[in-house]
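Here is what each chain is made of, one letter per residue.
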Amino acid sequence: MSDATLSELQDLDRRHFLHPFSDHKQIGERGTRVITRGEGVYIYDAQGRQILDGMSGLWCINLGYGRRELIEAAHRQLQTLPYYNSFFQCTHPPAIELATLLAEVAPGSFGRVFYTNSGSEANDTIIRMVRRYWDIQGRPRRKTIISRRNAYHGSTIGGMSLGGMPVQQAQGDLPIPGIVHIEQPYWFELGQGMHPDEFGLKVAGELERKIDELGVDNVAAFIGEPIQGAGGVIIPPDTYWPEIQRICDEAGILLVADEVITGFGRLGEWFGSQYYDIEPDLIIFAKAVNGGYLPLGGVLVGDRVADALVDAGGEFHHGFTHSGNPVSCAVAVAALTVMREEGIVERVREEIAPYFAERWRGLAEHPIVGEARCAGLVGALELVSDKARRTRFPAAKAVGETCRDASIEQGLVMRHVRDSMIVAPPLVITTAQIDELIDKARRALDLTARRMG
Ligand code: PXG
């Protein structure tokens, strides 16, 4: 693309396109990077620069770009039936086929699915679904949902209320009533000086205290991401999830796992719930269900809730025009089939994640890295000015952003969350490409250290 065309595009972008999660004024001043093409684990910008996509798009392009099977499935379905609804007693083969496939790959007690277009809508769906569940049980007071600080559950009113990011919630008077938050299991930030296992039990214990404070008869559910993604790849201590499970079981409240990021192989299991050996009642999914190629999300509904909804009868007044869109579902069927036939989840677990872990943890030796943690194919680095004391850089130095920019200069998409650098590469990444990722990340860290002075 010529420079003239590129600057024209950037100009039109600035004039007409309000980007999500962006400072629109700043974007107008700084300009945008135009991405035009993707192939395998690489994206290409308008100037033809190849960049290793260390974030799988936005945690979704798990099978890489340009997968023929997915493209052809979309093409075929667009020709056969691009759209039909699943309201009014109608249905169509792709939505049925995907529902069946999801029941096969999901943990045993999950036989049914409710479709949405996004993770945010799926989170809104669970707010309505858990309240409906408790209404059916004759316990309408069980309404409150307990979530965690620094959680991310989407950007709709419901999703953002479940999330735990106060700066975001300040816009729009959120959270809505009936949603409360407890502490997150972020050991590096909050647990220093304590053994991680002890810290895990301590923060999980907040759930028990919160339930007592609210009165168990008022609590509907607990929701959590097995690993917080957008919050900065917060990997909980081993003691955390078993304790959360115990508390939910004893209180009889529903456990909701938001697996928008951890679902579909990211941790080397089909679902993060399996990685942590927990048994949620509802699993929220989106993103990688169809390799991230088209919008699709939903809720896997465990038997406890599904049986209650079905047996009780009465309409569940909820759904979207594109719930179970046939093209999105057909691509998901193709994606899940590729994953099964190529053994992608097993390959991540047995080969790629262990290799990634060894190389990623090696970055802990870098002078500005205070911790290098990872699980499956997600990783985070905590950037610090003083390694021994694990002191953060002054906020004004914007070390995360500096490192993000340095990383792009090196030809690697590595995202920053505050002062943490995070990656979640496509599951199809090779060991040679992991070496490339690590080399580029190390060079970005070197550059960042120099720029911090
Ligand atoms: N739950 C989780 C756990 C997510 O990560 C959503 C819900 C919302 O999904 P939708 O499809 O409505 O976006 C997400 C989305 C980031 C980033 O900067 C992460 C997400 C979305 C946008 C940015 O890491 N995750």
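Please read all numbers here as calculations on a predicted model, not as lab measurements. (Residues numbered from 1 in each chain as written. Predicted model: local features only at pLDDT ≥ 70, side-chain atom pairs only at ≥ 80, totals over all residues. Heavy atoms only, no water.)

A. Just the site of the ligand, in detail. By nearness alone, 16 residues border the ligand, and Trp59, Gly119, Ser120, Asp258 and Arg415 come closest of all. Between the ligand and Trp59, the relevant distance is 2.8 Å, taken from an oxygen atom to a side-chain nitrogen or oxygen of the residue. In this structure, an oxygen atom belonging to the ligand sits 2.9 Å away from a main-chain N or O atom of Gly119. When residues of the shell around the ligand are traced back to their parent elements, those giving at least two are α3 (56–59) and α6 (119–136). Of all the elements, α6 adds the most residues to the shell around the ligand, at three residues. Taken together, the residues that form the shell around the ligand break down as six nonpolar, six polar and four charged. (Near = heavy atom within 4 Å. Polar contact = N/O pair within 3.5 Å; in protein donor to acceptor, adjacent residues only side chain to side chain. Helix = DSSP H or I, 4+ residues; strand = E, 2+ residues; numbered from the N terminus. Nonpolar A, V, L, I, M, F, W, Y, C, P; charged D, E, K, R; others polar.)

B. Representation of the domain arrangement of the protein within the structure. You can read the domains of the protein as domain 1 (33–66 + 343–452) and domain 2 (69–341). If you average the C-alpha positions of domain 1 and of domain 2, the two centres end up 26 Å apart. Opposite the 37 residues of domain 1 that make contact, domain 2 presents 36 residues. Summing both partners gives a buried area of about 2800 Å² for domain 1 against domain 2, and 59% of it is carried by carbon and sulfur. (Domains from an automatic or database assignment. Contact = heavy atoms within 4.5 Å. Buried area = accessible area lost by both parts, 1.4 Å probe.)

C. Looking closely at the pattern of salt bridges. Inspection of every chain in the model, using the stated rule, returns 27 salt bridges. The partner of Arg340 in a salt bridge is Glu104, and the shortest N-O contact between them spans 2.6 Å. With Arg340 in helix α14 (residues 326–341) and Glu104 in helix α5 (residues 93–105), this pair connects stretches of sequence that are 236 residues apart. Connected through shared salt-bridge partners, Glu189, Glu371, Arg373, Glu382 and Arg392 make up one network. (Salt bridge = Lys/Arg side-chain N within 4 Å of Asp/Glu carboxyl O.)

D. Spotlight on the sheet that holds strand β6 (residues 179–182). What the seven strands build is an open sheet, ordered β4-β10-β9-β8-β7-β5-β6; its pairing is mixed. Edge positions in the sheet fall to β4 (110–116) and β6, since each of these pairs with one other strand and no more. Across the sheet, the mean angle separating the axes of adjacent strands is 25° when strand polarity is ignored. Sheet analysis places β4 next to strand β10 (residues 297–302), joined by six bridges and oriented antiparallel. Bridged to Arg112 within β10 is Val301. (Pairing = 2+ DSSP bridges. Axes fitted to C-alpha atoms, helices over the stretch in contact; angles between N-to-C directions.)

E. Molecular detail of the packing of aromatic side chains. Counted under the stated rule, the structure contains 11 aromatic pairs. Where Phe114 meets Phe316, the ring centres are 5.8 Å apart and the plane angle is 70°; that geometry is what we call edge-to-face. Here Phe114, found in strand β4, pairs with Phe316, found in the loop between α13 (303–312) and α14; they are 202 residues apart in sequence, far enough to count as distant. Across this residue pair, the class does not change: Phe114 and Phe316 are buried. The interplanar angle of 25° and the centroid separation of 5.5 Å between the aromatic rings of Phe356 and Trp360 together place this pair among those described as stacked. With a gap of four residues between them, Phe356 and Trp360 both fall in helix α15 (residues 344–362), about one helical turn apart. Exposure remark for Phe356: the relative accessible area of 0% places this residue in the buried category. By relative accessible area, Trp360 is classed as buried at 0%. Clustering of aromatic rings is evident, with ring pairs tying together Phe222, Tyr240 and Trp241. Sitting over the face of the ring of Trp134, Arg142 holds its NZ or CZ atom 4.4 Å from the ring centroid. (Phe/Tyr/Trp six-rings, centres within 6.5 Å; stacked < 30°, edge-to-face > 60°. Buried < 20%, exposed > 50% of the residue type's maximum accessible area, 1.4 Å probe, protein only. Lys NZ or Arg CZ within 6 Å of the ring centre and 35° of its normal.)

F. Quick look at the pairing of strand β1 (residues 35–39). Strand direction decides the pairing type here: β1 and strand β2 (residues 42–45), joined by four bridges, are antiparallel. From the neighbouring strand, Arg37 faces β2, where its bridge partner is Tyr44. Hairpin connection, β1 to β2: the antiparallel pair is bridged by two residues, and Gly40 has positive phi, about 60°.

G. A look at the nonpolar core. The biggest cluster of nonpolar side chains holds 70 residues, and the ones touching the most others in it are Leu102, Phe264 and Trp360. Considering each element in turn, this core owes the most residues, 10 residues, to α14. When residues of this core are sorted by domain, at least three fall in each of domain 1 (33–66 + 343–452) and domain 2 (69–341). Apart from the residues within four sequence positions on either side, Phe264 is in contact with Asn62, Leu102, Glu269, Trp270, Phe271, Phe285, Ala286, Ala288, Val289, Leu336, Met339 and Leu427. Ranked by size, the runner-up nonpolar core spans 43 residues in total, among them Val219, Ala251, Ile408 and Val413. (Core = buried A, V, L, I, M, F, W, Y, C linked by side-chain atoms within 4.5 Å.)

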